[in-house]
Amino acid sequence: MWLPKLEYGHRDCSEFKCEKLRCFLDRNLPLHRAPDIQSFRLELCNSRFKPESINTWVVVALSHCLRELDISYESYPEKPDILPSNLYTCKSLVVLQLEGDILLDVPRMVSLPSLKTLMLQRVRYLNDETLQRLLSNCPILEDLVVRLREYGDTMQKLTVVVPSLQRLTLYIPYNHELYEYVIGTPSLKYFELVDYIDNDHDGLIENMPYLIEAYVDCCCPDIYSLMGSNTSVKRLTICSVAILDGLVFNQLEHLEVCLCTVFFSNQLVQLLNASSKLKRLDISLMDGHVPRDMDYWKEPSTVPDCLLSSLQSLSWSAYTGEPQERVILVYILKHALHLKTATIESSESVAPTFEMIKELALSPRASTTCQLVFE
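Residues numbered from 1 in each chain as written. Predicted model: local features only at pLDDT ≥ 70, side-chain atom pairs only at ≥ 80, totals over all residues. Heavy atoms only, no water.

Under an unreviewed UniProt entry, the name given to the protein is FBD domain-containing protein, and the organism recorded is Brassica carinata.

Written as structure tokens, this is what we have:
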């Protein structure tokens, strides 16, 4: 009755245990004695948990100066309206995490003056204005995660305008019918965008002058406005088939490129040409990705500046030794004047052969001090 951290529920909870838990919470939670509840977590995946009961439990937790609320909820048939209105005016709440079949119906009166972390994963939004209405009333919000639903979500325009935000993660699944997103986050330091919608959709992204790290996994063929807002980034992880020619990353020091991108046209060359201060280049396969057949790789007419002046570390994971991979790797080794280490990790399906190792070991290297490592 005095514990400051409360966690109830389980995804695999049986009908019998769910009923016992419901009765326990109905009977005991209103009698909780701790003046402050530090965290309150509910993981409820059963139709026995009625919306009105969940609403009451949250109200009780909020009345104890709650700092962190975490609800994961699934119900069949769907009953998403479980959040009390006073949640949106809780002065003590610092962290809010909502996941699953939960409806966000944000009232006109909203004030979350202490909220710093907001995670919304596969929740429902009443309309296109719901999310931004909530964000506009979180004056010190620093970390935001938004993962949209694959089905059953009517949101067509995603707006994130938060001057205080420092970390932003957006996940847009294949089947979501989003037509536009607007992002205004001038204080952002970390930006992650996973956008799997392959149809054209508008994206207005304002400048991010303090951005340090970006992660971009995008199917959209036109992400120029996105990348143009990230030119000050120092670390970039990217998988994209968008044309990147003309971009300049004049602060980029660490570039991680997915093999999907390396094998598409001359994307790697465009990225190297844009990154004159690059020190580290990692080539790997992002989780869940399958490398496509490589387009014809054309050796650039001029060597990218970063190979001649700054690149010190090269790492290639899931290397198979296929000709289309080998020609790129040999080119980098041949022209990277200041390269210190080149680490080649073979694919799990292809064991490194003596001929593969010998061929790379004997290939010309511009840097006399480069150490070639095979894993």
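Still more to cover.
Description of the sheet that holds strand 9 (residues 157-161)
Within the open sheet, the three strands sit side by side as 9-11-13. Their pairing is parallel. Both edges of this open sheet fall to strand 9 and strand 13 (202-205), since each of them pairs with a single strand only. For this sheet, the mean angle separating the axes of adjacent strands, direction not counted, is 0 degrees. As paired strands, strand 9 and strand 11 (residues 180-184) are joined by five bridges and run parallel to one another. (Pairing = 2+ DSSP bridges. Helix = DSSP H or I, 4+ residues; strand = E, 2+ residues; numbered from the N terminus. Axes fitted to C-alpha atoms, helices over the stretch in contact; angles between N-to-C directions.)

Re the layout of surface pockets
Taking a probe equal in size to a water molecule and rolling it over the atoms shows the remaining empty space. Its volume calculated, the largest pocket comes out at about 230 Å³. Of all the secondary-structure elements, those providing two or more residues to the lining of the largest pocket are strand 14 (213-218) and strand 15 (235-240). A class-by-class count of the residues in the lining of the largest pocket yields eight nonpolar, three polar and two charged. (1 Å grid on protein atoms, 1.4 Å probe; cavity = no way out; pocket = protein on both sides within 12 Å on 5 of 7 lines; lining within 4 Å. Points joined across faces, edges and corners; volume = space filled by probe spheres on them. Nonpolar A, V, L, I, M, F, W, Y, C, P; charged D, E, K, R; others polar.)

Here's the deal with the state of the cysteines
According to the stated counting rule, one finds zero disulfides in the structure shown. For Cys258, which is in no disulfide, the shortest distance to another cysteine sulfur is to Cys260 and amounts to 3.6 Å. The class of Cys260 is buried, set by a relative accessible area of 12%. (Disulfide = S-S within 2.5 Å. Buried < 20%, exposed > 50% of the residue type's maximum accessible area, 1.4 Å probe, protein only.)

Considerations on the packing of aromatic side chains
Using the criterion set out here, one finds six aromatic pairs in the structure. Ring geometry for Tyr8 against Phe24: centres 6.1 Å apart, planes inclined by 55 degrees, an arrangement best described as tilted. With a gap of 16 residues between them, Tyr8 in strand 1 (residues 5-9) and Phe24 in helix 1 (residues 15-28) connect regions that are remote in the sequence. In this structure Tyr8 comes out as buried when scored by relative accessible area, which is 16%. In this structure Phe24 comes out as partly exposed when scored by relative accessible area, which is 34%. When the ring of Trp316 is compared with that of Tyr319, the centres are 5.6 Å apart and the planes differ by 85 degrees; the resulting orientation is edge-to-face. Like Trp316, the residue Tyr319 is buried in the burial classification. Members of the aromatic cluster, joined through ring pairs, are Tyr8, Phe24 and Phe40. Taking NZ or CZ as reference, Arg147 lies 3.8 Å from the ring centre of Tyr171, over its face. The positively charged end of Arg167 is found above the aromatic ring belonging to Tyr190, 4.2 Å away from the centroid. (Phe/Tyr/Trp six-rings, centres within 6.5 Å; stacked < 30°, edge-to-face > 60°. Lys NZ or Arg CZ within 6 Å of the ring centre and 35° of its normal.)

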